[in-house]
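One-letter residues, chain by chain:
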Amino acid sequence: MSKTTKNPLVKPFVKWAGGKRQLMSEIIKYKPKTYKKFVEPFVGGGSVFMELQNNKTVINDFNSELINTYIAIRDNLDELIQELEKHKENDSKEYFYTLREWDRNGILEEKSNVERASRFIYLNKTCFNGLFRVNSQNQFNVPYGNYKNPNIVNKEVLIADSKFLNKSGIKIMNGDFEKAAKTARKGDFVYFDPPYAPLVEDSQSFVGYTLNGFDYEEQVRLRDLFIELDKKGCFVMLSNSSSKLIHELYSDYKENTIIIGATRNINSKASGRGKVDEVLIMNYNYKQS
């Protein structure tokens, strides 16, 4: 594993549904003791790779606006901070809805990558409950949060994140999880944090369920990839709901499955908040890794 002096200011610049900050102690406890490259194909808010701060890291997400923001933080930090300062000065309910409208009226397509990134951070910091959610037309549809002092310009964190993302061994990808995972080689550590399977009784109940297009078939494709990486000699860890479906899909790894109680506060449905059981599934003996 590439050693690095960890910077405590390297941490997520946005709130993210399903973020792993509260489960971090468990993930750290069960991660392999030594590994080479770290690969995170569903990076989201980035709490795991930012906690590990491995000098050789590949991050990926299917969300192009999110990945554009990571790249803007890496490549155009000063300009991004200037744009965020403007949003801070103008923050109001009316201003929020004007910017939210950009992905409905075509304005977003005319904006620079930095302007898009600053909008992404601003909406996340000021929307209700910090929830990133889009409708079927891929339009951001979370209402204004009416917060008194939202932390729109978190300079210390942005500067630290930019410095880390600029390390030569850090690669940022935007696409399918499988393509990112296949950059892993023997001895690398791959951490999967996909959209969670719903807590239903069987796979048939799950067929019609989608979250960002992640349906039953995608969960099966991910499981098959997990097995492929296992055969390749990678260390693989996966987070998911402690549902019957997930336990069935990963039954071959039940000896290295840990059930963890987690609290979910960011969810569009009240039923999705509160204490829920999650699993960490590994392909290695975490007691000996």
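Conventions adopted
- Residues numbered from 1 in each chain as written.
- Predicted model: local features only at pLDDT ≥ 70, side-chain atom pairs only at ≥ 80, totals over all residues.
- Heavy atoms only, no water.
- Helix = DSSP H or I, 4+ residues; strand = E, 2+ residues; numbered from the N terminus.
- Buried < 20%, exposed > 50% of the residue type's maximum accessible area, 1.4 Å probe, protein only.
- Contact = heavy atoms within 4.5 Å.
- Areas by Shrake-Rupley, 256 points an atom, 1.4 Å probe, with all protein chains shown as cover.
- Pairing = 2+ DSSP bridges.
- Phe/Tyr/Trp six-rings, centres within 6.5 Å; stacked < 30°, edge-to-face > 60°.
- Lys NZ or Arg CZ within 6 Å of the ring centre and 35° of its normal.
- Core = buried A, V, L, I, M, F, W, Y, C linked by side-chain atoms within 4.5 Å.
- Salt bridge = Lys/Arg side-chain N within 4 Å of Asp/Glu carboxyl O.
- Polar contact = N/O pair within 3.5 Å; in protein donor to acceptor, adjacent residues only side chain to side chain.

A. Inspection of the overall build of the chain at higher detail. When you go through the chain residue by residue, the secondary structure sums to twelve helices and seven strands. Considering the chain as a whole, with its 289 residues, one finds that 52% of them fall into the buried category. Within the chain, counting contacts between residues at least 6 apart in sequence, those at least 24 apart form 71% of the total. For the chain, the computed accessible surface area is about 14,100 Å², with 46% contributed by carbon and sulfur atoms.

B. Looking closely at the pairing of strand 5 (residues 235-241). By the criterion of burial, strand 5 is predominantly enclosed, with six of the seven residues buried. In terms of strand pairing, strand 4 (residues 189-192) meets strand 5 through four bridges, oriented parallel. Each residue of the ladder has a partner; that of Phe192, found in strand 5, is Leu238.

C. View of the packing of aromatic side chains. Counted under the stated rule, the structure contains 21 aromatic pairs. The ring of Trp102 has Lys111 lying over it, and the distance from NZ or CZ to the ring centre is 4.6 Å.

D. Inspection of the nonpolar core at higher detail. Within the largest apolar cluster, 58 residues are counted, with the highest numbers of intra-cluster contacts made by Phe49, Tyr70 and Met237. If sequence neighbours within four positions are ignored, Tyr70 has contacts with Phe13, Val43, Gly44, Gly45, Gly46, Phe49, Met50, Ile59, Leu165 and Ile172. Residues Val190, Leu222, Leu225 and Val279 belong to the second largest nonpolar core, which totals 27 residues.

E. Quick look at the pattern of salt bridges. Using the criterion set out here, one finds 15 salt bridges in the structure. The residue Glu218 makes a salt bridge to Arg221 at a minimum N-O spacing of 2.8 Å. In this pair, Glu218 and Arg221 both sit in helix 11 (residues 216-232), three residues apart, roughly one turn of the helix. The exposure class assigned to Arg221 is partly exposed, which follows from its relative accessible area of 24%. Among the ionic pairs, Arg223 bridges to Asp224, the shortest N-O distance being 2.9 Å. Judged by relative accessible area, Asp224 falls into the partly exposed class, the value being 39%.

F. Focus on the side chain of Gln139. With respect to the helices and strands, the residue Gln139 is situated in the loop between helix 7 (113-126) and helix 8 (155-165). Setting aside its immediate chain neighbours within four residues, Gln139 contacts Asp103, Arg104, Arg133 and Val134.

G. Just unusual backbone geometry, in detail. Despite not being glycine, Asn138 has its phi angle at roughly 65°, a positive value. Mapped onto the fold, Asn138 is located in the loop between helix 7 and helix 8. Its relative accessible area of 58% is what places Asn138 among the exposed residues. Even without a glycine there, the phi angle at Asn146 is positive, about 55°. With respect to the helices, strands and loops of the structure, Asn146 is situated in the loop between helix 7 and helix 8.

H. Molecular detail of the pairing of strand 2 (residues 57-61). Counting buried positions over the five residues of strand 2 gives five, a clear majority of the element. Of the two faces of strand 2, the one holding Thr57, Ile59 and Asp61 and the one holding Val58 and Asn60 are both buried throughout. Both strand 1 (residues 38-40) and strand 2 contribute to a ladder of three bridges, which runs parallel. Among the inter-strand pairings, Glu40 is bridged to a residue of strand 2, identified as Ile59. Two strands pair when backbone bridges link them, and strand 2 and strand 3 (residues 170-174) are joined in this way by five bridges, in the parallel orientation.

I. Fine view of the environment of Asn105. Tracing the backbone shows Asn105 in helix 6 (residues 102-105). Within the structure, Asn105 has its side chain in polar contact with the backbone nitrogen of Ile107 (distance 3.1 Å).

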